[in-house]
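Residues per chain are reported as follows:
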Amino acid sequence: MNVIYLTTLEKPLGEGRMRQAQFFAGEKVGIWQALWNETQADGNQVQDIWYEGEVWSELLEAIRLGLQNKLAEGYKPLLKGIGEEAAVLSAKAESTQLLHFYGECNADEGIYEELRSWRREQSFKEGRSPFILASNRMLQMIAAFCPKSIEELLHIPGFGQNRATKYGGDVLRITKDMQRSTDFPLDWVAERTDRLAFDVWLNRQKERRVQKEAARQSGKRKLLEAMAEGSGLGKLRAELAFTSRELVDLLEELEKEGYDVLASVEKELMNIPADQLAEAEKLFAELGDRYLKPVLQGLYGENLPDAPTADQVYEWLRLLRFKVRKEQANVRQEQAG
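Residues numbered from 1 in each chain as written. Predicted model: local features only at pLDDT ≥ 70, side-chain atom pairs only at ≥ 80, totals over all residues. Heavy atoms only, no water.

Engineer: How do you make sense of the overall build of the protein when you look at a structure like this?
Structural biologist: Along its length, the protein carries 15 helices and 5 strands. A compact globule built from 337 residues should have a C-alpha radius of gyration of about 20 Å, whereas the protein, at 25 Å, is more than 25% larger. Across its three principal directions, the C-alpha atoms of the protein cover 70 × 60 × 35 Å. A sequence separation of at least 24 residues applies to 58% of the contacts in the protein between residues at least 6 apart. On the protein, roughly 19,400 Å² of surface is accessible, and the fraction owed to carbon and sulfur atoms is 50%. (Helix = DSSP H or I, 4+ residues; strand = E, 2+ residues; numbered from the N terminus. Rg over C-alpha atoms; globule rule 2.2 N^0.38 Å. Contact = heavy atoms within 4.5 Å. Areas by Shrake-Rupley, 256 points an atom, 1.4 Å probe, with all protein chains shown as cover.)

Engineer: Help me understand a nonpolar patch on the surface in this model?
Structural biologist: On the surface, Ile-4, Trp-56 and Leu-60 cluster together into a nonpolar patch covering about 280 Å² of accessible area. For Leu-60, the position within the fold is in helix α1 (residues 56-72). (Patch = residues over 30% accessible without salt bridge, like charges linked within 9 Å, V, L, I, M, F, W, Y side chains within 5 Å. Salt bridge = Lys/Arg side-chain N within 4 Å of Asp/Glu carboxyl O.)

Engineer: I'm lost on the packing of helix α14 (residues 293-300) against helix α15 (residues 307-336) in this one. Help?
Structural biologist: Helix-helix packing is characterised by the crossing angle of the two axes and by the distance between the axes. Between α14 and α15, the shortest axis-to-axis distance is 11 Å and the interhelical angle comes to 115°. If you check the angle between α14 and α15, you find them roughly perpendicular. In terms of crossing hand, the pair formed by α14 and α15 is right-handed. Counted together, Lys-293, Val-295, Leu-296, Leu-299 and Tyr-300 of α14 and Ala-310, Val-313, Tyr-314, Trp-316 and Leu-317 of α15 form the full contact between these two elements. Looking at the contact of α14 with α15 residue by residue, the classes come out as 9 nonpolar, no polar and 1 charged. (Axes fitted to C-alpha atoms, helices over the stretch in contact; angles between N-to-C directions. Parallel < 35°, antiparallel > 145°, perpendicular 65-115°, else oblique. Left-handed = near helix turned anticlockwise from the far one by under 90°. Nonpolar A, V, L, I, M, F, W, Y, C, P; charged D, E, K, R; others polar.)

Engineer: Teacher, can you tell me more about the nonpolar core here?
Structural biologist: A general trend in soluble globular proteins is that nonpolar side chains are found buried together. By size, the foremost hydrophobic cluster in this structure holds 32 residues, and its most contacted members are Leu-115, Ile-142, Phe-145, Ile-156, Phe-159 and Val-189. Put simply, the parts of the chain that give this core at least two residues each are α2 (91-106), α3 (109-126), α5 (136-145), α7 (161-175) and α9 (195-229). Ignoring any residue separated from it by four or fewer positions in sequence, one finds Leu-115 in contact with Leu-139, Ile-142, Ala-143, Val-171 and Ile-174. Core analysis: the second largest hydrophobic core is formed by 31 residues, Met-227, Leu-254, Val-261 and Phe-284 among them. (Core = buried A, V, L, I, M, F, W, Y, C linked by side-chain atoms within 4.5 Å. Buried < 20%, exposed > 50% of the residue type's maximum accessible area, 1.4 Å probe, protein only.)

Engineer: Explanation requested: the pattern of salt bridges in the structure shown.
Structural biologist: Any two side chains of opposite charge can pair if their charged atoms end up close together. Going through the model one piece at a time under the given rule, you end up with 14 salt bridges. Ionic pairing is found between Glu-94 and Arg-195, a salt bridge with its closest N-O pair at 3.1 Å. Pair noted here: Glu-94 is in helix α2 and Arg-195 is in helix α9, with a separation of 101 residues, a long-range link. Salt-bridge contacts for Arg-180 lead to Asp-183; the nearest nitrogen and oxygen are separated by 3.0 Å. Overlapping salt bridges bring together Arg-19, Glu-38, Lys-70 and Glu-73 as one network.

Engineer: I would appreciate a short explanation of the packing of aromatic side chains in the present structure.
Structural biologist: Centre-to-centre distance and the angle between the planes together describe a pair of aromatic rings. Applying the stated criterion to the full structure yields 11 aromatic pairs. Considering the side-chain rings of Trp-118 and Tyr-167, the 5.5 Å spacing of their centres and the 70° angle between planes classify their relative orientation as edge-to-face. Of this pair, Trp-118 sits in helix α3 while Tyr-167 sits in helix α7; the two residues are 49 residues apart in sequence, bridging distant segments of the chain. Tyr-167 shares its class with Trp-118; the two are buried. A network of ring pairs unites the aromatic residues Phe-23, Trp-36, Trp-50 and Tyr-75 as a single cluster. (Phe/Tyr/Trp six-rings, centres within 6.5 Å; stacked < 30°, edge-to-face > 60°.)

Engineer: Just checking my understanding: could you explain the packing of α2 against α5 for this structure?
Structural biologist: Running from N to C, α2 and α5 point in directions that differ by 70°, and their axes come no closer than 8 Å. By the angle between their directions, the pair α2 and α5 is classed as roughly perpendicular. Residues Gln-97, Leu-99, His-100, Tyr-102, Gly-103, Glu-104 and Asn-106 of α2 form the contact with α5, whose participating residues are Arg-137, Gln-140, Met-141, Ala-144 and Phe-145.

Engineer: What's the story with the side chain of Glu-126 in this structure? I'm lost.
Structural biologist: Along the chain, Glu-126 falls in helix α3. A distance of 2.8 Å separates the side chain of Glu-126 from the side chain of Gln-122, its partner in a polar contact. With residues up to four places along the chain from it excluded, the contact list for Glu-126 reads Leu-133, Lys-166, Tyr-167 and Lys-293. (Polar contact = N/O pair within 3.5 Å; in protein donor to acceptor, adjacent residues only side chain to side chain.)

Engineer: Is there a simple way to think about the sheet that holds strand β3 (residues 31-39) in this case?
Structural biologist: Within a sheet, neighbouring strands are paired by backbone hydrogen bonds and run either parallel or antiparallel to one another. Taken in spatial order, the 5 strands line up as β4-β3-β2-β1-β5 in an open sheet, and their pairing is antiparallel. Strands at the two margins of the open sheet, each flanked by one partner only, are β4 (45-53) and β5 (76-77). Pairing of strand β2 (residues 17-28) with β3, which is carried by 8 bridges, proceeds in the antiparallel orientation. By the bridge assignment for β3, Gly-26 is matched with Gln-33. (Pairing = 2+ DSSP bridges.)

Engineer: Help me understand the state of the cysteines, please; the structure alone is not making it clear to me.
Structural biologist: Disulfides are covalent bonds that connect the sulfur atoms of two cysteines. Counting across every chain of the model gives 0 disulfides. Between Cys-105, a free cysteine, and Cys-146, which holds the nearest cysteine sulfur, the sulfur-to-sulfur gap is 16 Å. By relative accessible area, which is 2% here, Cys-146 ends up buried. (Disulfide = S-S within 2.5 Å.)

Note that every value here comes from positions in space, so none of it alone points to a role or purpose.
So, in structure tokens, the structure goes:
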């Protein structure tokens, strides 16, 4: 093999013991290979083939994912290089990540579930995504640190003054009676954190980002294949466990890349009664298309549907909004031309 890269990594096993492994990539008779050799406790080596093929981009993706997995397991390169991010966390970024790590490890499950229930109900009232109100990490930190006042709540990364004004009272009603063994400010977190566990956690976050990107690219390919075969978007969304928002995001990406996705959107919308579609398009024209809840209210008046039904309506409203925006863009393009 014509080796193009070789590095040695070690993983601490405790009591001063280390496990060693080598990663190398190279080319053999026009075939790219990425290999992982790991030394077992008995001294034998086990080889894992991460990639074997002719496509350079697939080789790089296999290397990136494979190394991120190993870093997440606790392996560290003896020399800095491939597989590690060059940028070092700033002091502020590290402080925020430490709070995220502590929240994930120490969140009170009961408080966390109460916060999630509140977020779900509030997001339904506002007709917005739950994660726009507050991320899971934010709720985990609240459930771990249990703020008792607005001032303490503002120490939670991401929970700024606007959120505190709108939702602080609701959140504090959930946390105010919770016993806690720590206090604010939160500068004690760094001293109490197991740095090795924190480093492993950071690498797992990188791994999740890589896996998420891989899933997104796979979803785009499957979406293109489904559209080429004439399969319904709704069926594909269910098979790939996409939310309707994620599906529309993928459609928008494909549209920007030059693919014609409007026909598939229109085909999916044919399942919706024509009078409902017409009324929704009229409401988009009158109310704008930034938010969906005013359109939902316009369709149903005071008799708003229950949450499951509303979720179904939001699914096709997102597709209709995509169609409306695309048609408006086409009109502007024609007028400019």
